[in-house]
Amino acid sequence: YAHPLIYYIQEVDQGRGGDEAKNKLRPMLESLRDARLKRASAVRASAGEADSGSGSDGADSDSSDLEDDELHFSWPGSASSGGGRGRAGRASRDGRGETFEFSSRLFPPLKGYGLYSRLSACNHSCDPSAEVVFAGSAKLLLVARRAMAAGDEVCISYIDHEEADKEERQQGL
């Protein structure tokens, strides 16, 4: 599941709060990126890998806690945003200042377990009528994937139902 801040960053990226919201988030995101790069470098060093200086965030490492699904963001800077290329990662000059590019890989995925008695009443289907959404709190949402009529069974997928290979899906069960 995505880190709750990703949902907020997506809203800011869509225009919520305007440039002011982006400018307030940017120093925190730059600091987080620096910490992730430092951590990735330490992981590579402990594994005996040479630091290539490529700016990799360690996602290609087996020790990474990052997910495959990645969202990319590119926020044009303002003349007052300041900051330097070294702190922001990939940055380029435009008429408005530095462009800050980052991805959801800055945030580790939330992983854990819970017992949800009502949700456990849902049966599995490889073509589920609903899906479970973790909205960043201790609550889960059950969201319909298509129109349903009264009396239709609500089914979810216990595994990655988008996996193309039927045998791999069945092994996941």
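Shown above is the structure to which this text applies.
Turning to the packing of aromatic side chains, a few remarks are in order. The final tally for this structure, using the stated rule, is 3 aromatic pairs. Ring centres 5.0 Å apart and planes at 25° place the aromatic pair F100 and F102 in the stacked group. F100 gets classed as buried once you look at its relative accessible area, which sits at 0%. Grouping aromatic residues by their ring pairs yields a cluster made of F73, W75, F100 and F102.

Moving on, we get to the environment of D152. Tracing the backbone through its elements, the reader meets D152 in the loop between β6 (140-144) and β7 (155-156). Spatially, the C-alpha atom of D152 lies 9.0 Å from that of S129, the residues being 23 residues apart in sequence. Looking at D152, its side chain comes within polar contact range of the main-chain nitrogen of A149, at 2.8 Å.

What counts and how
- Residues numbered from 1 in each chain as written.
- Predicted model: local features only at pLDDT ≥ 70, side-chain atom pairs only at ≥ 80, totals over all residues.
- Heavy atoms only, no water.
- Phe/Tyr/Trp six-rings, centres within 6.5 Å; stacked < 30°, edge-to-face > 60°.
- Buried < 20%, exposed > 50% of the residue type's maximum accessible area, 1.4 Å probe, protein only.
- Helix = DSSP H or I, 4+ residues; strand = E, 2+ residues; numbered from the N terminus.
- Polar contact = N/O pair within 3.5 Å; in protein donor to acceptor, adjacent residues only side chain to side chain.

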